[in-house]
Structures are given as structure tokens and as C-alpha cells.
Amino acid sequence: MTEVAPDKQTSSSGDTSRAIIQVSDLTLGFDGIALLENLNFQVNRGEVFVILGGSGSGKSTLLKHMIGLYAPMSGQILIDGQDIARAEGEARMALLRKIGVAFQSGALFGSMTLLENVCLPLESHTALNRSARELVARMKLRLVGLSGFEHLLPAELSGGMQKRAAIARAMALDPMILFLDEPSAGLDPITAADLDQLILRLASSLGMTFVVVTHELASIDTIADRVIMLDRQSRGIIAEGTPAMLRAHAEHPWVRRFFNRQATEAA
Amino acid sequence: MLRLAGRLDVHTVSSVWGEALAGLKGRAGRPVRVDTSGVDYCDGAGVALVVDLLRQPREPGAEVGLGDTPEEVRRMLAPFDVRDFSSEAEPPRRGPGLKQHLANGLYDLGRYLYLQVAFVGEATAAMFHAARHPRQVRWRDALNLAQEAGANALPIVMLIAFLMGVILAFQSAVAMRQFGAEIFVANLVALSLLRELAPLMTAILLAGRSGAAFAAEIGTMKVNEEINALTTMGLDPVRFLVVTRVLAAVAVMPLLTLVANLVGLVGGAVVMKGFDIPFVTYFNQVTNAVTLTDLLGGLFKATVFGLLVAGVGCLRGLETRSGAAAVGISTTRAVVSAIILIVVADGVFAVVFYHLDI
């Protein structure tokens with residue numbers, strides 16, 4: 001018998017507390033104008049956390065602050081115990097390796113095939129050889145139902161397929177946290193349901209944490225452990241809890257209308 | 001038995017991947033069980049290692065199979081059928097043969113020529129339509145484009161023209177001084193600038209600034225499906241986008257060339273002052289050397305160059321395929337094509353002007 005084992009390494013997690021993301025007194029906006037003020041919430045390890053809100057309520061902007069693309073006006077966002085807005089150099093790189101992001105538009109590199117797109121983070125951040133990288137990438141593409149499309153360019157795929165390829169790329173490094181911006185928008189119900197199952201499977205088997213911006217009620221009911229709902233007028237969180245709890249007990253009229261698919265009074 | 005143990009994640013698994021494959025090769029001809037019971041943690045890359053071991057081609061009776069496998073690893077392996085990842089399952093990546101290459105090349109060339117001719121036809125028709133229905137032209141857009149291509153280009157055009165006048169005058173004055181013919185430097189500078197260099201340099205600057213911008217802007221619109229949106233709204237992209245740009249370029253090119261002429265002559269005058277030739281003498285010599293025909297001929301050439309630069313910039317933009325790289329390619333092609341067309345057209349003008357005795 002031959003035993004093969006990597007050298008002992010410390011866990012990649014720096015902080016073992018329950019919260020993997022801690023947002024404290026966060027105010028964010030642009031050009032000195034606050035879009036959302038004094039946000040306080042936490043995302044727990046292994047949970048699927050969903051951000052909801054009306055159009056223009058700042059969901060995607062909040063997501064972009066959480067992944068360190070924008071600096072907040074005040075407050076902090078701790079990812080695994082480290083402030084992503086203030087982390088620099090190697091600390092920032094280490095933090096970025098812990099997260100994967102699938103953008104709303106997919107943001108695949110148009111000049112690269114799907115396989116090359118998924119291989120790119122593996123090439124930059126791991127010592128895997130080419131054949132191993134390609135195998136990992138092909139397996140990620142299989143997970144999102146894109147086997148057989150490895151050598152196509154993004155432009156040769158439908159919008160939904162591009163979105164799934166973006167999720168495969170975001171998962172390439174098996175990050176601790178996966179941020180998904182409107183992952184099932186534009187997908188057919190079956191593919192959207194498959195994607196929900198994938199999220200649940202990854203969350204349960206790998207303990208991966210998901211932060212998802214979505215409007216799909218069916219998805220929210222299937223995947224969400226907890227939900228926060230943002231509101232443009234009050235510039236903050238108007239509801240927080242499980243989908244079932246919000247559907248049954250939410251006091252805010254917008255939240256009730258959202259979960260019951262009701263039109264606004266004016267309409 | 002091949003036993004995998006410890007933490008198999010995307011960062012650690014590379015250190016044992018080769019060793020595990022070597023362990024398998026060392027057992028050629030014998031069946032091998034991959035035991036993962038000692039694995040503490042396994043992510044997608046760890047599972048990929050297991051799949052890689054399972055997919056290795058083996059002789060009959062010496063297959064690789066799963067041994068003791070924890071439930072977590074088994075669950076992660078469940079979505080994958082190892083046969084899908086065997087090297088035989090990989091699609092062949094053979095390129096087309098020589099015949100196919102030639103056929104593709106000929107087809108591409110034919111299609112390219114067809115598109116160029118079609119664009120020239122469409123653009124000409126759109127320009128005639130604009131002349132017949134001037135109220136349908138988007139004059140505000142055309143004016144903004146003219147400001148960008150014209151007024152905003154003035155500083156760089158003036159700088160280049162001034163330096164061109166200085167260099168021309170200086171290089172020729174040094175030689176002519178030996179014959180006491182410095183005064184004829186004014187003739188050389190004036191004729192070269194008005195007939196040839198000012199229109200040429202201004203057109204090349206327009207190609208670099210505005211031709212590239214036209215291609216990039218229209219190319220990005222193509223990538224973002226804005227061109228498709230125009231078409232489905234019943235708006236002709238050529239009429240909507242090309243006419244305004246061509247009008248703007250055609251309008252500003254003679255004006256920019258006129259400024260380049262003046263500033264270039266001033267550059268020459270400054271150098272000649274250094275050779276003890278007063279401004280008045282220099283400008284008298286210039287006015288005697290050139291005719292109105294020289295000036296108008298140069299301005300006409302400039303107008304045609306403007307038409308070519310804007311036309312080819314828009315054409316390259318409309319030809320853009322998909323992706324960010326395609327926009328870069330279109331921009332480069334716009335500038336290169338414009339410069340080639342300018343030089344070719346300049347050659348044609350030289351022959352035509354010679355035969356017309358202009």
C-alpha cells in the first residue's frame with residue numbers, strides 16, 4: 001500500500017467564529033451621496049444568504065462593496081475576520097482567494113474559451129499542472145451542465161450558458177464564499193432549479209457559504225437560509241429573517257407584496 | 001492499494017498529484033483500489049485528483065477502482081461519470097486541412113470584398129438621402145462629433161504643423177544657404193505644405209484620433225447589441241451612425257488643413273528669421289510662390305481624406321465581431337486602413353493633378 005498525503009497545512013480559515021462575513025455600521029454610496037446607511041448584518045458559515053430589494057435599492061452595489069471592489073464611505077466589512085476594504089498586498093490576495101464572484105453579466109473573457117476562462121484562476125493561484133487544471137475546469141463545467149462546450153467562446157453561447165460558465169469560473173478555486181449576482185435571471189426554470197440544487201449541494205458538501213442577489217421567488221424559497229431586504233427610500237435593511245418568516249410575519253408592506261407577488265397600489 | 005490522506009484542497013493537492021499518478025504507474029498490470037478514508041478535507045480539486053486516478057487507461061484486469069471512500073467524498077464524486085473524463089472522451093482538436101484552409105480563405109476574401117462594396121454603396125445612398133432630406137440628419141450629433149474631431153484636435157494639429165514648418169525650413173535652408181538661395185526656402189515650405197504635407201499630416205492625425213474613436217465607439221455598440229437595437233427599431237445604422245461621422249469629418253478636415261497651412265508657414269517664417277530673412281520678405285515670397293489653385297487643391301484632397309478616414313473608421317466599427325478584443329482589432333484596422341487609403345489616394349491625386357496641370 002502506498003500512502004500519499006500533502007504536507008500538513010494550517011486551515012485556510014483565519015477565524016473560526018460562526019460569522020464568516022460581518023458588516024458593521026456600513027454606509028456606502030458614490031460622490032459623497034449615501035445610497036445605504038448604517039447597515040449591520042452577518043453571514044454565517046455554510047449558509048445561503050440572499051440579498052433582496054427593489055430595482056435601484058443598492059443590492060449589486062452592496063455586493064460590490066462586500067467583494068472589495070468599492071471602498072465604503074464608513075463602517076467595515078470583515079471577511080473571515082479581515083477588513084476587505086483595508087487589506088493590502090498579500091493579505092488582500094489571500095482574502096480574494098477565499099471568495100469567488102459570478103457577476104450579473106457573466107463577465108467572461110471573450111477571447112478565451114470556456115475551459116480557458118475556468119482554468120485562469122487555477123493557473124494564477126495554484127501549482128497544478130496543465131492537465132490537472134483542465135480536469136478540474138472540465139469538472140466545474142460539468143457541475144453547471146456545460147460539458148461539451150469547453151472549447152467554445154462565450155459569444156457562441158446563450159446568456160444563460162454564459163451565466164453558468166461564470167459560476168463555474170467563480171467556483172474554480174473552491175472558495176469559502178461564493179457571491180452570485182442574479183445567477184438565475186434569464187435561465188429556464190429547469191436550469192434555474194438545477195442551479196439551486198447545485199448551490200444546496202455545494203453548501204452542504206463543501207460547507208461553502210453563498211451570498212446571492214436574486215429576485216426569483218422560487219429560488220429564494222429553495223435555497224435561502226436567511227434573507228435581508230434593502231429599501232431605497234429608507235436607505236437600509238427593512239427586513240431580515242428566513243423566507244418563511246418574512247412571508248408570514250413581515251410588517252413592511254413592500255416585503256409582504258414581494259413575497260406574495262402583488263403589484264404596487266399605484267399599478 | 002493507493003491511499004490518499006490529509007487535506008486535499010486546491011492549494012495542497014498539486015504537491016501530491018504527480019506522486020499519486022506515479023504510484024499508480026508503479027502498479028501497472030495489477031488492479032488498484034484508491035482509498036480515501038484518511039482524507040480530512042476534500043474540495044473540487046481533491047475530487048479531480050481521484051477522478052484523474054480513476055480515469056487512467058489500464059490493461060484489462062488491472063483497472064483502478066474506489067476503495068474505502070468516506071461519505072463526503074462519495075457525495076462529491078456522485079455528479080461525475082469517470083468515463084466522461086477519460087482521455088478518449090476528449091473531443092479531437094484537429095484543425096482543417098489545406099484544402100479547407102484555402103477554401104475558407106477564398107470565401108473570407110470574397111465576403112470581405114462584398115462587405116466593402118456593400119458598405120460603400122450603403123454609405124453613398126445614405127449620403128444622397130441626407131442631401132435630399134437634410135432635416136432627417138442628426139445635426140446635433142454631427143456638430144458634437146465635429147467639435148470632437150475638429151476643435152478638440154486643433155492643439156495637436158497646430159503643434160505638428162508648426163514643427164513641420166520649422167523642420168522643412170531648417171533642413172532646406174541649411175542646403176540652400178550654400179548657393180545663397182535661402183529666400184527660395186519660402187517657396188519650398190509653402191508649396192510642400194499647401195499641396196501635400198498639411199492635408200496628409202492632418203489626415204493621419206484625424207485617422208489616429210477620430211478614425212480610431214469612430215471604430216471603437218461603433219464596435220462597442222455592436223458588441224453591446226446597440227446596432228441590433230437600431231435595426232429592430234427600423235433605424236438604418238449607416239444612416240444613423242455613419243452619415244453624421246462622415247459629415248463631421250468632411251466638414252472639419254479642410255478647416256484643420258487651413259489652420260495647419262497657416263501655422264506651418266509661421267513655423268517656416270520663424271526659422272527664416274534666424275537666417276536673417278524678415279517676415280515681410282518671407283510672406284511676399286510665399287504669396288508669389290503659391291496660387292489659389294494650390295491652396296484649393298490641397299483643401300479638396302483634405303476633404304477626400306476626411307471622407308476616407310471617417311468611412312473606413314465606421315466600416316471597421318460595423319465589422320466588429322464579439323468581445324472586447326474585437327473592438328481593439330477593429331480600432332487597429334481602422335487606423336491602418338485609413339493611413340493606407342490616404343497614401344493611395346494621395347498618389348492618385350498626384351497623377352490626376354499632373355495631367356490636369358494643377
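Residues numbered from 1 in each chain as written. Chains lettered and ligands numbered in written order. Predicted model: local features only at pLDDT ≥ 70, side-chain atom pairs only at ≥ 80, totals over all residues. Heavy atoms only, no water.

Asker: How should I be thinking about the overall build of chain A in this particular structure?
Answerer: Helix and strand content of chain A: 9 helices and 11 strands. In terms of overall dimensions, chain A is globule-like: its C-alpha atoms have a radius of gyration of 19 Å, near the 18 Å expected for 267 residues. Reported as C-alpha extents along the three principal axes, the dimensions of chain A are approximately 65 × 40 × 40 Å. The buried share among the 267 residues of chain A stands at 53%. For chain A, contacts bridging at least 24 residues in sequence account for 64% of all contacts bridging at least 6. Roughly 11700 Å² of accessible area belongs to chain A as shown, and the carbon and sulfur atoms make up 49% of that amount. With 25 positive and 29 negative side-chain charges, chain A shows a spacing of 2 Å between the two charge centroids. (Helix = DSSP H or I, 4+ residues; strand = E, 2+ residues; numbered from the N terminus. Rg over C-alpha atoms; globule rule 2.2 N^0.38 Å. Buried < 20%, exposed > 50% of the residue type's maximum accessible area, 1.4 Å probe, protein only. Contact = heavy atoms within 4.5 Å. Areas by Shrake-Rupley, 256 points an atom, 1.4 Å probe, with all protein chains shown as cover. Lys, Arg positive; Asp, Glu negative; His and termini not counted. Charge placed at Lys NZ, Arg CZ, Asp CG, Glu CD.)

Asker: Quick question: what am I supposed to make of the overall build of chain B here?
Answerer: If you tally the helices and strands in chain B, you get 12 helices and 3 strands. Computed over its C-alpha atoms, the radius of gyration of chain B comes to 34 Å, more than 25% above the 21 Å expected for a compact globule of 358 residues. For the C-alpha atoms alone, the extent of chain B along its principal axes is close to 100 × 55 × 40 Å. Expressed as a percentage of the 358 residues in chain B, the buried residues total 45%. Contacts in chain B between residues at least 24 apart in sequence constitute 85% of all its contacts with a sequence separation of at least 6. When the accessible area of chain B is evaluated, it comes to approximately 18400 Å², of which 64% is carbon and sulfur surface. For chain B, the distance from the average position of its 30 positive side-chain charges to the average position of its 30 negative side-chain charges is 4 Å.

Asker: Explain the layout of surface pockets to me, please; I cannot follow it from the model alone.
Answerer: Gaps between atoms show up when a probe of the same size as a water molecule is rolled over them. All names here are of chain B. In this structure, the largest pocket spans a volume of roughly 760 Å³. Put simply, the parts of the chain that give the lining of the largest pocket at least two residues each are α4 (98-132), α8 (226-232), α9 (237-274), α11 (292-318) and α12 (324-355). Residue contributions to the lining of the largest pocket peak at 9 residues, all from α4. Considering only residue class, the lining of the largest pocket consists of 13 nonpolar, 5 polar and 8 charged. (1 Å grid on protein atoms, 1.4 Å probe; cavity = no way out; pocket = protein on both sides within 12 Å on 5 of 7 lines; lining within 4 Å. Points joined across faces, edges and corners; volume = space filled by probe spheres on them. Nonpolar A, V, L, I, M, F, W, Y, C, P; charged D, E, K, R; others polar.)

Asker: Can you walk me through the domain arrangement of chain A in this structure?
Answerer: Residues and elements named next belong to chain A. We note that the domain assignment places domain 1 (17-98 + 176-262) and domain 2 (106-174) within chain A. Summarising the inter-unit geometry, the C-alpha centres of domain 1 and domain 2 are found 24 Å apart. Between domain 1 and domain 2, the contact holds 16 residues from the first and 10 residues from the second. Of the roughly 1100 Å² buried between domain 1 and domain 2 on both sides combined, carbon and sulfur atoms contribute 74%. Among the residues domain 1 hides against domain 2, the three largest losses belong to R97, L178 and L198. Together they make up 34% of the total. Scanning the region where domain 1 abuts domain 2 turns up 2 residue pairs in polar contact (both at pLDDT 80 or more). When contributions to the side of domain 1 that touches domain 2 are tallied by element, the ones reaching two or more residues are α2 (89-97), β8 (177-181) and α6 (189-205). (Domains from an automatic or database assignment. Buried area = accessible area lost by both parts, 1.4 Å probe. Polar contact = N/O pair within 3.5 Å; in protein donor to acceptor, adjacent residues only side chain to side chain.)

Asker: Would you take a moment to explain the sheet that holds strand β2 (residues 19-30) of chain A for this structure?
Answerer: Strand pairing in a sheet takes place through backbone hydrogen bonds and is either antiparallel or parallel in direction. Residues and elements named next belong to chain A. Taken together, the 4 strands give an open sheet; going across it, the order is β3-β2-β5-β6, and neighbouring strands pair in antiparallel fashion. Edge positions in the open sheet fall to β3 (33-44) and β6 (82-83), since each of these has one partner strand only. In terms of strand pairing, β2 meets strand β5 (residues 74-79) through 5 bridges, oriented antiparallel. Across the sheet, residue T27 finds its bridge partner in β5, namely S74. (Pairing = 2+ DSSP bridges.)

Asker: What should I look at first to understand the domain arrangement of chain B in this one?
Answerer: Many analyses report the size of an interface as the accessible area lost when the parts associate. Assigned domains within chain B: domain 1 (2-89) and domain 2 (134-355). On a C-alpha basis, the centres of domain 1 of chain B and domain 2 of chain B stand 66 Å from each other.

Asker: What exactly am I supposed to notice about the interface of chain A and chain B here?
Answerer: Between chain A and chain B, the contact holds 36 residues from the first and 43 residues from the second. At the boundary of chain A with chain B, the tally comes to 1 salt bridge. Between R142 of chain A and D84 of chain B there is a salt bridge, with the nearest N and O atoms lying 2.7 Å from each other. Elements that contribute at least two residues to the side of chain A that touches chain B include exactly β1 (2-4), α3 (114-125), α4 (130-143) and α6 of chain A. Residue contributions to the side of chain A that touches chain B peak at 11 residues, all from α4 of chain A. For the side of chain A that touches chain B, a count of residues per class yields 16 nonpolar, 10 polar and 10 charged. Of the pairings in the sheet, the one linking β1 of chain A to strand β1 (residues 2-8) of chain B comprises 3 bridges and is parallel in character. Looking across to β1 of chain B, one finds that T2 of chain A is bridged to L2 of chain B. (Salt bridge = Lys/Arg side-chain N within 4 Å of Asp/Glu carboxyl O.)

Asker: When you look at the side chain of S337 of chain B in this model, what are you seeing that I'm missing?
Answerer: All names here are of chain B. Within the secondary structure, S337 sits in helix α12. For S337, a relative accessible area of 12% gives the class buried. A distance of 3.1 Å separates polar atoms of two side chains, one belonging to S337 and the other to R316. Non-local contacts of S337, meaning those with residues more than four positions away in its chain, are made with V312 and R316.

Asker: Explanation requested: the pairing of β1 of chain B in the structure shown.
Answerer: For a regular strand, the rule is simple: side chains alternate between the two faces of the sheet. Residue and element names in this part refer to chain B. In terms of burial, β1 is a largely internal element, 5 of the 7 residues being buried. As paired elements, β1 and strand β2 (residues 32-42) share 6 bridges and run parallel to each other. Opposite R3, over in β2, you have D35 as the bridge partner. The handedness of the β1 to β2 crossover, carried by helix α1 (residues 14-25), is right-handed. (Right-handed = clockwise from strand over helix to strand, strands pointing away.)

Asker: Looking at this structure, I do not really get the side chain of D231 of chain A. What am I missing?
Answerer: Residue and element names in this part refer to chain A. Position of D231 relative to the elements: it lies in strand β10 (residues 226-231). Engagement of the side chain of D231 in a polar contact is seen with the backbone nitrogen of Q233, the distance being 3.4 Å. Look past the residues within four positions of D231 in its chain and what remains in contact with it is L36, S57, G236 and I238.

Asker: Is there a simple way to think about the packing of α4 of chain A against helix α2 (residues 44-55) of chain B in this case?
Answerer: Between two packed helices, both the angle of their axes relative to each other and the distance between the axes serve to describe the pair. At their nearest, the axes of α4 of chain A and α2 of chain B sit 9 Å apart, and the two run at 110° to each other. Between α4 of chain A and α2 of chain B, the interaxial angle falls into the category roughly perpendicular. For the pair α4 of chain A and α2 of chain B, contact is made by S131, L135, V136, R138, M139 and K140 of chain A and by G44, A45, V47, A48, V51, D52 and R55 of chain B, respectively. Here the contact of α4 of chain A with α2 of chain B is built from residues that sort into 7 nonpolar, 2 polar and 4 charged. (Axes fitted to C-alpha atoms, helices over the stretch in contact; angles between N-to-C directions. Parallel < 35°, antiparallel > 145°, perpendicular 65-115°, else oblique.)

Asker: What exactly am I supposed to notice about the nonpolar core here?
Answerer: Most often, soluble globular proteins have nonpolar side chains that are buried together. Counting 83 residues, the largest nonpolar core has F210, I220 and F259 of chain A together with L4, W17 and L49 of chain B as its most contacted members. No other element matches α2 of chain B, which puts 8 residues into this core. In this view, W17 of chain B contacts L128, A132, L135 and V136 of chain A together with A45, A48, L49 and D52 of chain B; residues no more than four positions away in its chain are not counted. Counting residues in hydrophobic clusters, the runner-up holds 47 residues, among them A126, L200, V263 and F349 of chain B. (Core = buried A, V, L, I, M, F, W, Y, C linked by side-chain atoms within 4.5 Å.)

Asker: How do you make sense of helix α7 (residues 185-223) of chain B when you look at a structure like this?
Answerer: Since the α-helix advances by 3.6 residues per turn, residues separated by three or four positions end up pointing in the same direction. Its axis deflected by about 60° at L193 of chain B, α7 of chain B carries its strongest bend there. Immediately downstream of α7 of chain B, the backbone of E225 of chain B shows phi near 65°, a positive value. (Bend = angle between axes of the 7 residues up to and from the residue.)

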